[in-house]
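Survey of secondary and tertiary structure
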Amino acid sequence: MAQDMRHPIESGCPDGFQYMHPSMRRNYGQWKYHEHPRPGVLLHVAHSGDKLWTVKCGTQRILDVFTLRKLTEIGDKFADGYIRFTIRSNVEYVVTEEAKVQPLIEAIEGAGFIVGGTANSVAMISHTQGWLHCDIPGTDASGVVKSMMDELIDEFKNCNMPNRVHITTSCCQINCGGQGDIAINVQHTKPPKINHDLVANVCERPTVVARCPVAAIRPAMVNGKPSLEVDEKKCICCGACFPPCPPMQINDAEDTKLAIWVGGNHSNARSKPTFQKLVAAGVPNNPPRWPEATAIVKRILKEYKEGAKDWERINDWIDRIGWPRFFEVTGLPFTKYHIDNWTGARNSLNASTHIRF
Ligand code: SF4
Ligand code: SF4
């Protein structure tokens, strides 16, 4: 009988509307225009005449409960009691009176946070969960983000870039690394080392074999125990076998590096999506401050800031000047790692006799 049917258990995100500022709820889909009165602040004006100021503040993303309380207390005292988190881990406070904006900014900055990240600034670097939630990181993405944002603080607080800059980091080579204007991703440089004593107890071997994108893994008997073997000539060191089979250790302090990619863009109103391209490989994965990776990111940003025309994103700028010029101005070496020499790459290379533009 229909009325006796079990109700589905909803286990996704709760409905966001219940947490919205009442003015946002009231004017949902009814905004007339928005302005950017100063870095870190947006003003939205609704058809109803309601005005809403949003103040954006950067956080370290992985928040302890004390920091979270501090942020919510600021919201209760200086904003209208509502905060929200953006996908780049920024906190946004909303107020309906202009007179509240300056005291709110002072309270945020007084508590040690930074206001910014809007319009043509370097937005907060988005990063993946890393050590805290995930089982396969090759680096500490939050640490990379903190070190870089400490050095890019002026670019976050001011709007000096030709257009927005979205930077992403990823702590393994296969999963969360997003399409960013600049992406700092883990790069494994050696095939996994297999602990044959553990494979039979820990791993579902068919799952692991199926996981390899280049069919480099085969079942094998080693010392009388069922295990796996890797054809190291085929292996592209992607690390995809490590999550389903931790005895296939691929992270290591020496051979796990960082790589920097640029020009990724999920599409926007003006252009098609673009894939990011590798520009620096084998960068040391060097905690706690990752100075080498940070220096490269800063060098790319400096050249982009000086060389791009207004509104050009990094991919537009490179399209206009060309890759040879990009390597020339940034001083990054063009090495053998920039050439996609994997056998399957034939499909992605311009390998036909037809000239394409
Ligand atoms: S990038 Fe990889 S290691 Fe990091 S959180 Fe995502 S899946 Fe986990
Ligand atoms: S690292 Fe990647 S390519 Fe190498 S064996 Fe594992 S899954 Fe296959």
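Below you will find a few notes about this structure. (Residues numbered from 1 in each chain as written. Chains lettered and ligands numbered in written order. Predicted model: local features only at pLDDT ≥ 70, side-chain atom pairs only at ≥ 80, totals over all residues. Heavy atoms only, no water.)

1. Focus on the site of ligand 1
For ligand 1, the full set of nearby residues is Thr 128, Gln 129, Gly 130, Cys 134, Ile 136, Pro 137, Ser 170, Cys 171, Cys 172, Asn 175 and Cys 176. Here the shell around ligand 1 is built from residues that sort into six nonpolar, five polar and no charged. (Near = heavy atom within 4 Å. Nonpolar A, V, L, I, M, F, W, Y, C, P; charged D, E, K, R; others polar.)

2. Re the sheet that holds strand 7 (residues 167–170)
Whenever strands of a sheet pair, they do so through backbone hydrogen bonds, lying parallel or antiparallel. Overall, mixed pairing links the four strands, which are arranged 7-8-13-14 in an open sheet. Edge positions in the sheet fall to strand 7 and strand 14 (277–284), since each has one partner strand and no second. For this sheet, the mean inter-axis angle between neighbouring strands, taken without regard to orientation, is 25°. Helix 10 (residues 323–330) rests against strand 13 (256–262) and strand 14 of the sheet, and its axis sits at about 35° to strand 14. (Pairing = 2+ DSSP bridges. Helix = DSSP H or I, 4+ residues; strand = E, 2+ residues; numbered from the N terminus. Axes fitted to C-alpha atoms, helices over the stretch in contact; angles between N-to-C directions. Contact = heavy atoms within 4.5 Å.)

3. A few points about the state of the cysteines
Enumeration according to the criterion identifies one disulfide in this entry. The disulfide that involves Cys 203 links it to Cys 245, with 2.1 Å between the sulfurs. Classification of the bridge connecting Cys 203 and Cys 245 rests on its S-S torsion, roughly 70°, and on that basis the disulfide is right-handed. Here Cys 245 lies in the loop between strand 11 (225–230) and strand 12 (248–249) and Cys 203 lies in the loop between helix 6 (196–202) and helix 7 (205–211), a separation of 42 residues in the sequence. By relative accessible area, Cys 245 is classed as buried at 0%. (Disulfide = S-S within 2.5 Å. Buried < 20%, exposed > 50% of the residue type's maximum accessible area, 1.4 Å probe, protein only.)

4. Topic: the site of ligand 2
Around ligand 2, a shell composed of 14 residues is seen, among which Cys 212, Cys 235, Cys 238, Gly 239 and Cys 241 lie nearest. For the shell around ligand 2, the per-class residue count stands at 13 nonpolar, one polar and no charged.

5. Describing the pattern of salt bridges
Any two side chains of opposite charge can pair if their charged atoms end up close together. Per the stated rule, a full pass over the model turns up 16 salt bridges. As a salt-bridge pair, Arg 289 and Asp 150 come within 2.9 Å of each other at their nearest N and O atoms. One end of the pair, Arg 289, is in the loop between strand 14 and helix 8 (291–307); the other, Asp 150, is in helix 4 (residues 141–151), with 139 residues separating them in the sequence. Judged by relative accessible area, Asp 150 falls into the partly exposed class, the value being 35%. In this structure, Lys 298 and Glu 151 form a salt bridge, with 2.8 Å as the shortest nitrogen-oxygen distance. Note that Lys 298 is positioned in helix 8 and Glu 151 in helix 4, a separation of 147 residues in sequence. For Glu 151, a relative accessible area of 44% translates into the label partly exposed. Overlapping salt bridges, with partners in common, bring together Lys 56, Arg 84 and Glu 92 in one network. (Salt bridge = Lys/Arg side-chain N within 4 Å of Asp/Glu carboxyl O.)

6. Some words on the nonpolar core
With 35 residues, the main nonpolar core has Ile 167, Ile 182, Ile 260, Val 297, Ile 300, Leu 301 and Phe 326 as its most contacted residues. When contributions to this core are tallied by element, the ones reaching two or more residues are helix 4, strand 8 (182–188), strand 13, strand 14, helix 8, helix 9 (314–321) and helix 10. The element contributing the most residues to this core is helix 8, with six residues. Leave out the neighbours within four places in its chain, and Val 297 touches Met 148, Leu 152, Ile 167, Ile 182, Ile 184 and Ile 260. Formed by 19 residues, the second largest nonpolar core is a distinct cluster that contains Leu 43, Trp 53, Cys 57 and Val 91. (Core = buried A, V, L, I, M, F, W, Y, C linked by side-chain atoms within 4.5 Å.)

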